[in-house]
Amino acid sequence: MFVMSTAGHIDHGKSVLVQALTGIDPDRLREEKERGMTIDLGFAWLKLPHGQEVGVVDVPGHERFIGNMLAGVGGVDLVLLVVAANEGVMPQTKEHLAILDLLEIKKGVVAVTKKDLVDDEWLTLVKMEVEEVLKPTTLAGSPIIPVSVVKNEGVAELLSVIEKQLADTQPRKDLGRPRLPIDRVFTITGSGTIITGTLIDGSFSVGQDVEIVPKRLKSRIRGLQVHKTKSDSAQPGTRVAANLVGVSVEQLQRGDVLTKPGWLVPTELVTGKLRLLDYLPRSLRHSTEVTFFTGAAQILAKVRLLEGDVLKPGENAWAQFVLEKPVAIVNGDHYIIRSTTDTLGGGKIIEAHAKRLRRRQSGILQGLKTKEEGTLDEIILALLTAKQPAEGNDLLSRSQLPAGDVNAVIDELIDSGRVVTIGQGEHRLLVTAPGWDNIVRSAAGFLQEYHKKFPLRPGMPREELRNKLKMGTVGSSVLQKLAESGAVMEEGTDIRLPSFYIQLNATQQSKINAFLDSLAKNPYQ
């Protein structure tokens with residue numbers, strides 16, 4: 001099952017086209033019907049010629065409701081870009097297209113509506129204009145279908161093309177970590193709280209215990225609906241309505257995420273690659289306040305540019321976003337930033353739980369590039385390098401990748417000697433091979449200095465060396481590993497270098513010999 005979203009300028013016929021395709025009026029609010037314009041998200045579903053069902057999200061086209069539009073386009077498989085033949089490409093057409101490009105949505109169909117209002121020559125010019133604006137985006141080469149809902153022309157062809165575009169689209173993977181970004185919350189008498197959204201990364205089933213993040217509210221799924229049909233389960237890539245137990249409408253809001261308990265940790269600092277739109281009239285400065293959109297959430301944020309003080313239109317740079325409040329987000333999620341009036345840019349999250357990074361540091365920037373472009377083993381090594389020693393579960397949580405993939409890569413890295421294990425069992429610690437070499441060198445340096453200062457002592461007290469290594473609670477395990485590897489030797493409660501032994505000078509040895517001789521002659525004195 002797939003989800004399709006509309007996009008396009010106000011009054012270009014998105015909602016009318018959706019109704020023609022589905023038989024469902026997506027404008028559900030009285031104000032929308034009175035004003036003849038979509039204000040909030042509308043929802044419908046259609047059945048393709050060969051029987052496959054597709055969820056449809058109808059988004060508003062007015063510039064004042066771009067925030068609502070952004071809440072609807074996350075997690076979609078295909079976009080239906082609507083351009084009116086009598087007006088052509090308009091400002092919101094370009095802004096919506098820029099957003100879709102930033103979100104890396106690669107499947108699309110363009111419907112040129114209201115073809116009955118223009119002649120063939122004008123229609124050809126509009127199609128050429130659309131092709132031109134699509135060229136630099138992820139939707140380049142998308143099929144363009146002229147349509148007239150009034151005369152019922154092109155609608156059947158449009159359905160057929162949508163089906164063809166989805167035919168080679170890979171279904172959403174079940175990663176075992178379901179996320180339902182909530183885009184609507186309401187109540188039904190006799191049922192209670194209902195939430196809707198597009199399900200990604202996993203499946204839900206009736207009776208399942210769930211959690212709403214970032215509020216950490218516990219609940220249970222009483223019922224599920226997919227396209228207004230009751231279902232015992234819901235799969236990733238579907239529009240879902242869930243009836244929740246134990247939470248009220250007042251406790252929830254758009255942007256919260258429904259998921260299984262215990263794994264999704266909210267964050268207030270993220271790192272990502274930021275691309276600024278090339279048609280903006282001005283640059284973006286370090287510490288600028290923006291509105292940060294991801295999934296169905298929008299949060300005020302401050303931009304920390306990591307490569308300079310200014311980012312010019314059309315440029316890319318690493319950036320961190322200090323969020324005003326916690327948000328549920330994982331590595332690989334896309335985001336958009338806006339000013340009060342314009343979409344500024346966006347990109348992909350590389351570190352969902354970031355620490356504050358120093359600016360203009362080449363090593364830090366290279367590490368981020370590795371996380372962005374590297375293979376899975378390079379990503380794991382980069383994460384481990386940033387914080388080690390680390391438990392496997394901690395590494396899994398920070399990577400936010402499928403557990404099976406991460407554990408398999410960790411085992412390969414251990415077998416190849418690129419990662420060293422400390423301890424046994426599920427709480428074993430992991431450290432990179434260079435990281436372990438640094439620990440060995442540090443311990444040897446501390447012991448060498450101690451032996452030089454106290455040549456007649458058998459070694460450094462164990463606790464003193466643990467404190468000097470600054471390993472915290474894992475210090476004892478590190479010392480045990482050092483001893484097992486032969487890097488150090490244990491002498492009771494003391495630790496020494498394998499090459500160290502107490503050496504006495506001639507005067508000291510003479511005094512000892514004299515004492516021993518005296519004791520031998522008078523053993524009872």
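Here the structure is shown first, and the text comes after it.
Now for a description of the structure that goes with this document. Worth saying up front: this structure is predicted, and the values here are computed from it rather than measured.

Calculation notes
Residues numbered from 1 in each chain as written. Predicted model: local features only at pLDDT ≥ 70, side-chain atom pairs only at ≥ 80, totals over all residues. Heavy atoms only, no water. Helix = DSSP H or I, 4+ residues; strand = E, 2+ residues; numbered from the N terminus. Rg over C-alpha atoms; globule rule 2.2 N^0.38 Å. Buried < 20%, exposed > 50% of the residue type's maximum accessible area, 1.4 Å probe, protein only. Contact = heavy atoms within 4.5 Å. Lys, Arg positive; Asp, Glu negative; His and termini not counted. Charge placed at Lys NZ, Arg CZ, Asp CG, Glu CD. Pairing = 2+ DSSP bridges. Axes fitted to C-alpha atoms, helices over the stretch in contact; angles between N-to-C directions. Polar contact = N/O pair within 3.5 Å; in protein donor to acceptor, adjacent residues only side chain to side chain. Phe/Tyr/Trp six-rings, centres within 6.5 Å; stacked < 30°, edge-to-face > 60°. Lys NZ or Arg CZ within 6 Å of the ring centre and 35° of its normal. Salt bridge = Lys/Arg side-chain N within 4 Å of Asp/Glu carboxyl O. Core = buried A, V, L, I, M, F, W, Y, C linked by side-chain atoms within 4.5 Å. Patch = residues over 30% accessible without salt bridge, like charges linked within 9 Å, V, L, I, M, F, W, Y side chains within 5 Å. Areas by Shrake-Rupley, 256 points an atom, 1.4 Å probe, with all protein chains shown as cover.

Within the protein, the regular secondary structure consists of 14 helices and 29 strands. A globule of 525 residues ought to have a C-alpha radius of gyration of about 24 Å, yet the protein, at 31 Å, is considerably larger. Its C-alpha atoms give the protein principal-axis dimensions of roughly 125 × 55 × 40 Å. In the protein, which comprises 525 residues, the share counted as buried stands at 49%. The contacts in the protein between residues at least 6 apart in sequence include a share of 67% that link residues at least 24 apart. Separation of charge centres in the protein, based on 64 positive and 64 negative side chains, amounts to 6 Å.

What follows covers the sheet that holds strand 16 (residues 267-276). Pairing in this closed barrel of six strands is antiparallel, and the strands run 16-21-19-18-22-23 around the ring. When strand polarity is set aside, the average angle formed by the axes of neighbouring strands in this sheet is 40 degrees. Of the strand pairs in this sheet, strand 18 (residues 289-294) and strand 19 (residues 297-305) are connected by six bridges, and their pairing is antiparallel. When the sheet's bridge partners are listed, phenylalanine 293 is paired in strand 19 with glutamine 298. This element, helix 7 (residues 362-373), spans strand 16, strand 21 (316-327) and strand 23 (343-351) of the sheet and lies at about 85 degrees to strand 23.

For the rest of this paragraph, the subject is the side chain of glutamate 211. Tracing the chain through its elements places glutamate 211 in strand 10 (residues 209-213). Separated by 3.2 Å, the side chains of glutamate 211 and arginine 216 make a polar contact. Polar contacts involving the side chain of glutamate 211 include one to the main-chain amide nitrogen of glycine 262, which spans 3.1 Å. Excluding its chain neighbours within four sequence positions, the residues that come into contact with glutamate 211 are Arg216, Leu217, Lys218, Val257, Leu258, Thr259, Lys260, Pro261 and Gly262.

This brings us to the packing of aromatic side chains. Per the counting criterion, the structure on display carries four aromatic pairs. Here the aromatic rings of tyrosine 450 and phenylalanine 454 are separated by 4.9 Å at their centres, their planes lie at 50 degrees, and the arrangement is tilted. Taken together, the ring pairs connect Phe292, Phe321 and Tyr335 into an aromatic cluster. Its guanidinium or amino end placed over the ring of phenylalanine 186, arginine 184 lies 4.2 Å from that ring's centre, counting from NZ or CZ.

In this section: the pattern of salt bridges. Under the criterion given, the structure shown has 19 salt bridges. Across the pair glutamate 490 and arginine 462 runs a salt bridge, and its minimum N-O distance is 2.4 Å. Linking glutamate 490 in strand 28 (residues 489-491) with arginine 462 in helix 12 (residues 462-469), this pair joins segments that are 28 residues apart in sequence. On the basis of relative accessibility, which here comes to 43%, the residue glutamate 490 falls in the partly exposed class. Overlapping salt bridges, with partners in common, bring together Arg177, Arg179, Asp201 and Asp333 in one network.

The buried count for strand 14 (residues 238-245) comes to seven of eight residues, which makes it a mostly enclosed element. Direction of pairing for strand 8 (residues 192-199) relative to strand 14: antiparallel, over a ladder of seven bridges. Each residue of the ladder has a partner; that of threonine 196, found in strand 14, is alanine 241. Where strand 11 (residues 217-226) lies against strand 14, five bridges are found, and the strand directions are antiparallel. Looking across to strand 14, one finds that glutamine 225 is bridged to alanine 241.

So, about the side chain of histidine 9. Tracing the backbone shows histidine 9 in the loop between strand 1 (2-8) and helix 1 (14-22). The exposure class assigned to histidine 9 is buried, which follows from its relative accessible area of 10%. Only 3.1 Å separates the side chain of histidine 9 from the backbone nitrogen of glutamine 92, close enough to count as a polar contact.

With that out of the way, let us pick up the nonpolar core. In a soluble, globular protein the nonpolar side chains are often hidden away together inside. Counting residues in each nonpolar core, the largest one holds 55 residues, and the members touching the most others are Val110, Val130, Leu274, Leu284, Phe292, Phe321 and Ile337. Excluding residues that lie within four positions of it along the chain, isoleucine 337 makes contacts with Leu274, Leu284, Val290, Thr291, Phe292, Phe321, Thr343, Leu344 and Gly345. If you look at the next biggest cluster of nonpolar residues, it comprises 23 residues, including Phe2, Val18, Leu21 and Leu166.

A cluster of nonpolar side chains, contributed by Leu456, Ile502, Leu504, Ile512, Phe515, Leu516 and Leu519, occupies part of the molecular surface with about 610 Å² of accessible area. By the secondary structure assignment, leucine 504 is in the loop between strand 29 (494-496) and helix 14 (506-521). On the accessibility criterion, leucine 504 (34% relative accessible area) is partly exposed.

Take the sheet that holds strand 25 (residues 419-422) next. Where strands meet in a sheet, backbone hydrogen bonds hold them as pairs that are either parallel or antiparallel. Read from one edge of the open sheet, three strands run 24-26-25, paired in antiparallel fashion. Strand pairing shows two members of the sheet lacking a second neighbour, strand 24 (390-391) and strand 25, which therefore form its edges. Looking at chain direction, strand 24 and strand 26 (residues 429-432) are connected through two bridges and run antiparallel. Across the sheet, glutamate 391 pairs through a bridge with leucine 429, a residue of strand 26. Of the strands in this sheet, strand 25 and strand 26 are in contact with helix 13 (residues 475-484), which crosses strand 25 at around 110 degrees.

Attention shifts here to the pairing of strand 3 (residues 53-58). The side chains of a regular strand alternate between both faces of the sheet. Across the six residues that make up strand 3, a large majority, five, are buried. With four bridges joining them, strand 1 and strand 3 adopt parallel strand pairing. Considered in strand 3, the bridge of serine 5 is made with valine 57. As paired elements, strand 2 (residues 42-47) and strand 3 share six bridges and run antiparallel to each other.

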